[in-house]
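Structural features, examined
Residues per chain are reported as follows:
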Amino acid sequence: MVLSLNDKFVKKYVTNEEVNAISNEVYTAQSALFNRNGLGNDFLGWINLPFDYDKEEFERIKKAAKRIQNQCDIFVVIGIGGSYLGARAAIEFIKSPLYNNIKGKKTPDIYFTGNSISPSALSDLLKICEGKDICVNVVSKSGTTTEPAVAFRVFRELLEKKYGKEGAKERIFATTDKEKGTLKKFSDDNGYETFVVPDDVGGRFSVLTAVGLLPIAVTGIDLDKIMQGAQDAIRAFNTQDINENDCLKYVAIRNILYRKGKNIEILASYEPASQMLCEWWKQLFGESEGKDGKGIYPSSVIFSTDLHSLGQYIQDGERIMFETVLDIKKASDELIIPFDPFNVDKLNFLAGKDLDYVNHTAMLGTLFAHSDGNVPNIVLEIADRSEYSFGYLVYFFELACAISGYVLGVNPFNQPGVESYKKNMFALLGKEGYEDLANKLKNRMN
């Protein structure tokens, strides 16, 4: 199997009887999702997306990616949250977190911006772009979200000065609403090619739409293989048997652990290439489950690196967490540890061994240690870091997140809390219509 759940290191915390006892709740949640009668059912376009995607747009994405590859050195993706995390996760997971530094590649460097309001971060990127040919993909449903809108202003001005208005329009691509919104109108008025953020797919579920697919395609990654992986995941996880369906089992185990006071889930990987996948996963689960005073807090680590920083707390700190370990069975590269005739580091017992074998041995040792330290460990075994496996894994997590949210009793598809900081920020910056809130906040500051 491409992905399977190994529950060996969680069995002493969650019994088969407990899994079976919660199974009816999980089945009910699964049925509500697929029957489209649960909370947030107007945002379920992702469920059959790997089969039902817009084939014409899919081909346009591929053609646009080829044009971008041929006309620029740097491709700048402007977006925040779900508008960039999925694409960056795919590029780093499938290619490399050092993608931009790979010598001899025939595809542009890719940089992501519009995901903070830091002047230093944006200025540094502008310096990198000096003297380079640039294309831009702005990703925003509305076009008015502060962080990407500011970055787009800056890069639009740069491109228009460098290439003129006519030249700039051939280098700006907008992924936005199909028919309405500020960015859609502005793009149509200026002649930018546009791609669609579907109305029924929320940002954190949008990686398999144009939101993620255009940046991914620019790197030369095979989109068809990603979609094939997601399609096969749909087929694999549509059964209602908790003992055979590992997606349902994952939902069951994490909810049982939550009810036992394990309210922090740590996604652990032993591959640095998974770092942005972990960031995408944190948004997926955090934004979906963290509401109504409920939810498992999502965190992440990259081992063995973080064993030297957070390992002590995980081993001996408060017993409020469990780990979900992503075990990538086949490494992308082979690297044999050399023999040292002087054995300066006393590690000649490792000479001749593949470094991936040592990495997996470290994982096994950690699983035993953390389990013995009363930290339950769910192990998700994934075949490799291929396009196919990425598509499969993305759909697994999306489906698990949605079902788990229903088991928890929340709407997994809204995010009401995200708006609070925006209102305060607009008021403090003097945006029209926020005067009363501005006065209240200023009084609180005094």
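Read on for an overview of the structure. Worth saying up front: this structure is predicted, and the values here are computed from it rather than measured.

Let's shift gears to the overall build of the chain. Along the backbone of the chain there are 16 helices and 10 strands. Relative to the globule expectation of 22 Å for 446 residues, the C-alpha radius of gyration of the chain, 23 Å, shows essentially globular dimensions. Each principal axis of the C-alpha distribution contributes one length, and for the chain these read about 65 × 60 × 55 Å. Taken over 446 residues, the chain has a buried fraction of 52%. Within the chain, counting contacts between residues at least 6 apart in sequence, those at least 24 apart form 79% of the total. For the chain, the accessible area works out to roughly 20,500 Å², and carbon and sulfur atoms hold 51% of it. Within the chain, the 60 negative side-chain charges are centred at a point lying 3 Å from the centre of the 52 positive side-chain charges.

Turning our attention to the pattern of salt bridges. One pass over the structure, following the stated rule, counts 22 salt bridges. We note a salt bridge from Arg-60 to Glu-56, for which the minimum N-O separation is 3.3 Å. Residue Arg-60 and its partner Glu-56 are both found in helix α3 (residues 55-71); the two are separated by four residues, about one turn of the helix. Residue classification places Arg-60 among the partly exposed residues on the basis of a relative accessible area of 24%. Where Arg-235 meets Asp-232, a salt bridge forms, and the shortest distance between an N and an O atom there is 2.5 Å. Of the two residues, Arg-235 and Asp-232 both sit in helix α9 (residues 223-236), three residues apart, roughly one turn of that helix.

Within the largest apolar cluster, 101 residues are counted, with the highest numbers of intra-cluster contacts made by Leu-33, Trp-46, Leu-214, Phe-390 and Phe-397. Here this core takes 14 residues from helix α14 (residues 387-408), the largest share from any one element. Not counting chain neighbours up to four residues away, the residues in contact with Leu-33 comprise Leu-44, Trp-46, Ile-47, Leu-399, Ala-402, Ile-403, Tyr-406 and Phe-413. Core analysis: the second largest hydrophobic core is formed by 18 residues, Leu-125, Cys-129, Phe-152 and Leu-159 among them.

With that settled, the discussion passes to the pairing of strand β4 (residues 134-139). Most of β4 is tucked away: six of the six residues are buried. Taking every second residue as pointing to the same face, both faces of β4 are buried, with Ile-134, Val-136 and Val-138 on one and Cys-135, Asn-137 and Val-139 on the other. Bridge analysis of β4 against strand β5 (residues 172-176) gives four bridges, and the strand direction is parallel. Among the inter-strand pairings, Val-138 is bridged to a residue of β5, identified as Ala-174. The β-α-β motif built from β4, the intervening helix α6 (residues 146-169) and the parallel element β5 has right-handed crossover chirality.

Here we come to the layout of surface pockets. Taking a probe equal in size to a water molecule and rolling it over the atoms shows the remaining empty space. Within this model, the largest pocket holds a volume of roughly 780 Å³. Elements represented by at least two residues in the lining of the largest pocket include exactly α6, α11 (275-289) and α15 (419-429). With three residues, the top contributor of residues to the lining of the largest pocket is α15. Grouping the constituent residues of the lining of the largest pocket by class yields 12 nonpolar, 12 polar and seven charged.

Procedures and definitions
- Residues numbered from 1 in each chain as written.
- Predicted model: local features only at pLDDT ≥ 70, side-chain atom pairs only at ≥ 80, totals over all residues.
- Heavy atoms only, no water.
- Helix = DSSP H or I, 4+ residues; strand = E, 2+ residues; numbered from the N terminus.
- Rg over C-alpha atoms; globule rule 2.2 N^0.38 Å.
- Buried < 20%, exposed > 50% of the residue type's maximum accessible area, 1.4 Å probe, protein only.
- Contact = heavy atoms within 4.5 Å.
- Areas by Shrake-Rupley, 256 points an atom, 1.4 Å probe, with all protein chains shown as cover.
- Lys, Arg positive; Asp, Glu negative; His and termini not counted.
- Charge placed at Lys NZ, Arg CZ, Asp CG, Glu CD.
- Salt bridge = Lys/Arg side-chain N within 4 Å of Asp/Glu carboxyl O.
- Core = buried A, V, L, I, M, F, W, Y, C linked by side-chain atoms within 4.5 Å.
- Pairing = 2+ DSSP bridges.
- Right-handed = clockwise from strand over helix to strand, strands pointing away.
- 1 Å grid on protein atoms, 1.4 Å probe; cavity = no way out; pocket = protein on both sides within 12 Å on 5 of 7 lines; lining within 4 Å.
- Points joined across faces, edges and corners; volume = space filled by probe spheres on them.
- Nonpolar A, V, L, I, M, F, W, Y, C, P; charged D, E, K, R; others polar.

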